[in-house]
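Examination of the molecular architecture
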Amino acid sequence: MATLELYQVCKRFGAASALTPTSLQVADGEFVVLVGPSGCGKSTLLRMIAGLESPSGGEIRIGGRCVNAQEPSARDIAMVFQNYALYPHMSVRENLSYALKLRKLERAEITRRVDWAVDLLGLQPLLARKPGELSGGQRQRVAMGRAIVREPQLFLFDEPLSNLDARLRNHMRVEIKQLHRRLGTTTVYVTHDQVEAMTLAQRMVVMNHGRIEQVGTPEEVYAQPASAFVAGFLGAPPMNLLAARVSAEGTHVLVEDLAPLPLSAPQPARAGRAVTLGLRPEALLPDVDGCWTVTLNLIESLGGEMLLHAGVGKQACVLRIATTTSPWREGDTLRVNVASTALHLFDADSGQRLPS
Amino acid sequence: MKRQWLRRSGLLLLALLLALPLYAALIAASHAPGDLLGRLPWLPGNRLLHNLRTVLGAGLPGSPSVLRMLGNSLVMALGIALGKLTLATLSAYAVVYFRFPLRHTAFVLILSSLMLPLEVRFYPTFQVSAGLHLLNSYGVLIVPLIASATATFLLRQFFASMPPSLLDAARMDGAGPMQFFLHSALPLARTPLAALFVLEFVYGWNQYLWPLLTTTDARYATVVMGMQGLINAGTSFALPRWDLVMTTALLALLPPLLVLLLAQRWFIRGLTDIEK
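Now for a quick tour of the structure. (Residues numbered from 1 in each chain as written. Chains lettered and ligands numbered in written order. Predicted model: local features only at pLDDT ≥ 70, side-chain atom pairs only at ≥ 80, totals over all residues. Heavy atoms only, no water.)

A word on the overall build of chain A. Of regular secondary structure, chain A possesses eight helices and 20 strands. The principal-axis extents of the C-alpha atoms in chain A amount to approximately 75 × 45 × 35 Å. The burial tally for chain A puts 52% of its 356 residues in the buried class. Restricting to contacts in chain A with at least 6 residues of sequence separation, those with at least 24 account for 67%. Here chain A has roughly 15,500 Å² of accessible surface; of this, 50% comes from carbon and sulfur atoms. Of the charged side chains in chain A, 37 are positive and 35 negative, and the gap between their average positions amounts to 7 Å. (Helix = DSSP H or I, 4+ residues; strand = E, 2+ residues; numbered from the N terminus. Buried < 20%, exposed > 50% of the residue type's maximum accessible area, 1.4 Å probe, protein only. Contact = heavy atoms within 4.5 Å. Areas by Shrake-Rupley, 256 points an atom, 1.4 Å probe, with all protein chains shown as cover. Lys, Arg positive; Asp, Glu negative; His and termini not counted. Charge placed at Lys NZ, Arg CZ, Asp CG, Glu CD.)

One pass over the structure, following the stated rule, counts 22 salt bridges over all chains. The salt bridge involving Asp257 of chain A is made with Lys314 of chain A; its shortest N-O contact spans 3.2 Å. Of the two residues, Asp257 of chain A is situated in the loop between strand S12 (252-254) and strand S13 (261-262) and Lys314 of chain A in the loop between strand S17 (306-312) and strand S18 (315-321); the sequence distance between them amounts to 57 residues. Overall, Asp257 of chain A belongs to the exposed group, its relative accessible area being 55%. Note that Glu305 of chain A and Arg320 of chain A form a salt bridge whose closest N and O atoms lie 3.8 Å from each other. Of this pair, Glu305 of chain A sits in the loop between strand S16 (292-301) and S17 while Arg320 of chain A sits in strand S18, placing them 15 residues apart in sequence. Given the relative accessible area of 19%, Arg320 of chain A is considered buried. Put simply, Lys11, Arg47 and Glu53 of chain A together with Asp168 of chain B are held in one network by salt bridges that share partners. (Salt bridge = Lys/Arg side-chain N within 4 Å of Asp/Glu carboxyl O.)

With that settled, the discussion passes to the state of the cysteines. All names here are of chain A. Applying the stated criterion across every chain yields a total of zero disulfides over all chains. Cys317 takes part in no disulfide bond, and the closest cysteine sulfur to it belongs to Cys291, at a distance of 12 Å. Judged by relative accessible area, Cys317 falls into the buried class, the value being 4%. (Disulfide = S-S within 2.5 Å.)

Turning our eyes to something else, we now look at the interface of chain A and chain B. With 23 residues of chain A at the interface, the matching set in chain B holds 18 residues. Both faces combined, the contact of chain A with chain B buries some 1,700 Å², and carbon together with sulfur accounts for 59% of it. On the chain A side of the interface with chain B, the three residues burying the most area are Tyr87, His89 and Leu102 of chain A, jointly 30% of the side's total. For the interface between chain A and chain B, the tally reads two salt bridges. Close ionic contact of Asp168 of chain B with Arg47 of chain A constitutes a salt bridge, the shortest N to O distance being 2.8 Å. Taken together, the links from chain A to chain B amount to ten residue pairs in polar contact (both at pLDDT 80 or more). Elements with a minimum of two residues in the side of chain A that touches chain B: helix H1 (42-50), strand S6 (77-80) and helix H2 (92-102) of chain A. For the side of chain A that touches chain B, the class distribution of residues is 15 nonpolar, four polar and four charged. (Buried area = accessible area lost by both parts, 1.4 Å probe. Polar contact = N/O pair within 3.5 Å; in protein donor to acceptor, adjacent residues only side chain to side chain. Nonpolar A, V, L, I, M, F, W, Y, C, P; charged D, E, K, R; others polar.)

Take a look at the structure:
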């Protein structure tokens, strides 16, 4: 087990920058998730930690020692790939023991480690099979087994669940979390799925356009998104982002055609300026005395709750209501109330969060 | 139903048409030379075993025994097929997995040699072989023919189609370039390799002009090239020995057929679906 430290690590491909200088500290035993849309640099960062790409600048330290010049196999890490990358011509047992054989471990030690991983992951009935004869979930489990038999200091996961169907994904997500709890190995996990990120991460790193937008616990990132991008990326459905304006006195926020909302923290410096107003779908509550009137365009039922797609003034937003039956119909108008503590304000140009 | 019958009888007709020369050879090989004068009997005779014994044992006067020629052909075909596979696998592996200067140029050069038929380079190749004192040896039958653009190209495509994460995984596991080649690339390429082996074995077996040019010593005669010698040798008899020539032709057909039959399953899989 080890810490992982990145100092000003960057990556350029020719003239294009894939990752701007990035620093990050991962504590011993921590589970960190890198999350962002495709092309945000999260996989590049992971591959540099693994040693499969070399950084254009900066320093990577695992357990306190610089590994920039080390081969992947010398870094004492293990990686699980998106398409599993199992050796198709080897049986499950051979797949598990290959790295150990290359390291010239003693036969008894190899058997001990493989048996341990097999027990832990329930691979016993699969040992003699080839990867081609396994289901997606089984392959995933073998890929994890191949990683843990090496007893590495650091686990890297590169979108390990994206090739699985939704049901299996939920199941494997729980298994990965339990595995981490049992082994306590430092883990860096890359995904584009914000649900995976929220549920697995002890700390999550939201990335966009080759740089880090925000680092924090899932609760922090959800409650206090650092930018409009983070706000719009997390949550299902994500936060509603509305074009708005701060009133001339700086005490209210105005959305076109709608009643002004009082700000809990006045913004005199931005009086009269354009801002982006962020509202979580659950922050808009139906209330006969509500200040806003919205038009229902579409109602989606999720069983235990409903998503109401509504027009607010000239813009659109989504409301999430915890109810099983809808008293409204599409086309109805509805009054909603907005709690002043639920307002998120972002700079309209830079997208940065405004202090509140 | 009716259409299917039509199609089947069409196929049957074609098959018969293709089998006809073989049948003629079989008839000629099983009769005495006198029976073949100016006509071809309809049914096989009873001298096939006798003729086989003659060509395999003594051979025709003035030419080595057919057994020896078959042996030479086998050495040549195996040498060419294995040589081609070795060279092609290594060069395809290099072109796909190593970054070296002019890598792409190297591949384009290999590929462009596909456009040139073998015969185009006979003259310079002959000069080089003669200069190296290779004429009249197994070396000259094999070595100049073991570079293969086709095999290199097919194997390059195969290696390039393997998921790149497989290499990543092997690097994480600590496999070096040769270990990845021996433990992963080579075992995974066994289907295309088997298919290529069949193709190149038949190619090597059927070489005619090159052995004819480079070997004058009858000890190195291959069966495909030696057959024309048999026809000449036959004229020294009172009767042309078409019975013996056709027996030899049948014998020459057998090894490629055997290789194809034995490797049929691999052959089809190797050229159609690429297993990953």
